[in-house]
Amino acid sequence: MAHEHSSRPRLSRNSDEQDMDHTPGNTPGNTPGNTPGNTPGRTPGTSPARPPGNPPPRVAELDPASWSAVLAPRLASFAGVARHEHVTRAARDMGVPQSTLSRAMVRLEQDLGVALFARIGRTVALTPAGRTFLASVERALGEVERAAESVRADADPASGKVAFGFLHTMGSETVPGLIRAFRVDHPRVRFQLVQNYGEAMIERMRAGELDLCLTSPVPDAPDLAARRLDEQRLRLVVPDDHRLARRRRVRLAEAADETFVTLEPGYGLRRITDDLCAEAGFRPRVAFEGEEAETLRGLVAAGLGVALLPPPAVARPGVVELTVTAPRAVREIGVAWLDGHPDTPPVAAFKRFLLSRRGQLLPD
């Protein structure tokens, strides 16, 4: 039967019986049961822990037998012993039994197959391999420390972070007003803001990049939770010299022969526009597809077509905005988040704030 060579590290056998302080002079190449030249942690004639030339397992796999999984719990202990150059003092500083720490270092050396320490009586000194290993270990531990501090800071109730997405049309007035009002009681909470169309924001939320998003239409998906907050009337925007410009109200069917400028497919407002036109009995002829409502308003002023748009934050010259009487032209605005995902305290506070604005989200 052919023997398979494993690229996974082999855990040392009987390592609990070996003590760094109790066997001065022993190194991973010369421990009891091994002869010089044999790889530590295995008996003569067996396969080495990792055949030469094989790349280490990818950390992302989180294989229980990978180097990262085997070594990670021991790295802080190794760094502590390296800093003190004395197992007993390191154990006292770390609050662990000396024998436990000593055995852990022996196991670490055996699993790596490399002598990290030279034993000099009751003290230890790093070997060249140990110094090389320590430099990488200190960088790794520093990254872990920074990552822990970062996530703790983001979850801090008073000064944590909220990753919040919102529609382009909410950016000029609605969202700044919401954040200003929320910060009256939460002045130190930080916001990471993303302005995009609804489907893109939902995908970023699913990827873990957003905590909440303000979107339209209100999404209906099994992995999302969503609440309707308000509705916004849409208007038919026409050039100020248009045949309908002297009207105040209009049925959408009266624009069936017009050319429209709209948002691109995938935008919620584009879907609503198509649905309203279909309800009015026609399919709009599209002259331009854009990404931002105010760009469309400018193109209407230039005579390129008409558009169904929410009210502007500031009135724009060159256009007239007509109330649509039929069909009922509104869009619902809602807040969405991933269902079942726990909220940090600042995210929970901002979510409660948004829900408390139900029916009062949009400026009058």
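Note that this is a predicted model, so its numbers are computed, not measured. (Residues numbered from 1 in each chain as written. Predicted model: local features only at pLDDT ≥ 70, side-chain atom pairs only at ≥ 80, totals over all residues. Heavy atoms only, no water.)

### A short note on the packing of helix H1 (residues 67–84) against helix H3 (residues 98–112)
Turning to step 1, where the next piece is worked out: The N-to-C vectors of H1 and H3 enclose an angle of 130°; their axes lie 10 Å apart at closest approach. On the basis of the axis angle, H1 is oblique to H3. For the pair H1 and H3, the crossing hand works out as left-handed. Listed contacts from H3 to Trp67, Val70, Leu71, Arg74, Ser77, Phe78 and Val81 of H1 are Leu101, Ala104, Met105, Arg107, Leu108, Asp111 and Leu112.
Turning to step 2, where the next piece is worked out: Each residue belonging to the contact of H1 with H3 can be placed in one class, and the counts come to 10 nonpolar, one polar and three charged. (Axes fitted to C-alpha atoms, helices over the stretch in contact; angles between N-to-C directions. Helix = DSSP H or I, 4+ residues; strand = E, 2+ residues; numbered from the N terminus. Parallel < 35°, antiparallel > 145°, perpendicular 65-115°, else oblique. Left-handed = near helix turned anticlockwise from the far one by under 90°. Contact = heavy atoms within 4.5 Å. Nonpolar A, V, L, I, M, F, W, Y, C, P; charged D, E, K, R; others polar.)

### Regarding the packing of aromatic side chains
Turning to step 1, where the next piece is worked out: Taken as a whole and assessed by the stated rule, the structure comprises 11 aromatic pairs.
Turning to step 2, where the next piece is worked out: The structure contains a cluster of three or more aromatic residues connected by ring pairs, namely Phe164, Phe166, Phe182, Phe191, Phe350 and Phe353. (Phe/Tyr/Trp six-rings, centres within 6.5 Å; stacked < 30°, edge-to-face > 60°.)

### Things to note about unusual backbone geometry
Turning to step 1, where the next piece is worked out: Between Ser216 and the following residue, Pro217, the backbone shows a cis peptide bond with an omega angle of -5°.
Turning to step 2, where the next piece is worked out: A cis geometry characterises the amide bond from Ala326 onward to Pro327, with omega recorded as -10°.
Turning to step 3, where the next piece is worked out: Within the element layout of this structure, Pro327 appears in the loop between strand S12 (319–326) and strand S13 (330–338).
Turning to step 4, where the next piece is worked out: A positive phi angle is found at Glu85, which is not glycine, with a value near 55°.
Turning to step 5, where the next piece is worked out: Mapping Glu85 onto the fold places it in the loop between H1 and helix H2 (87–94).
Turning to step 6, where the next piece is worked out: Glu85 sits in the partly exposed class, given a relative accessible area of 40%. (Buried < 20%, exposed > 50% of the residue type's maximum accessible area, 1.4 Å probe, protein only.)

### Looking at the confidence of the model for the protein chain
Regions with low pLDDT carry predicted coordinates that are not meant to be interpreted in detail.
Turning to step 1, where the next piece is worked out: Residue-level pLDDT values for the protein chain average 85, and 82% of them are 70 or greater.
Turning to step 2, where the next piece is worked out: Below a pLDDT of 50 lies the segment residues 22–60, which in the model reaches 56 contacts outside its immediate sequence neighbourhood of four places, other chains included. (pLDDT = per-residue confidence, 0-100.)

### What about the environment of Leu71?
Turning to step 1, where the next piece is worked out: The residue Leu71 is located in helix H1 in this model.
Turning to step 2, where the next piece is worked out: Spatially, the C-alpha atom of Leu71 lies 7.3 Å from that of Leu108, the residues being 37 residues apart in sequence.
Turning to step 3, where the next piece is worked out: Ignoring sequence-local partners within four residues, the contact set of Leu71 consists of Leu108 and Leu112.

### Some details on the side chain of Ser77
Turning to step 1, where the next piece is worked out: Along the chain, Ser77 falls in helix H1.
Turning to step 2, where the next piece is worked out: The class of Ser77 is buried, set by a relative accessible area of 16%.
Turning to step 3, where the next piece is worked out: Among all residues touching Ser77, those that are not within four sequence positions of it are Met94, Leu101 and Met105.

### Some words on the sheet that holds strand S7 (residues 235–239)
Turning to step 1, where the next piece is worked out: The strand order across the open sheet formed by four strands is S8-S12-S7-S11, and the pairing between neighbours is mixed. Only two strands of the sheet have a single partner each, and these edge strands are strand S8 (249–251) and strand S11 (307–309). Geometrically, the sheet is characterised by an average inter-axis angle of 45° between neighbouring strands, direction not taken into account. (Pairing = 2+ DSSP bridges.)

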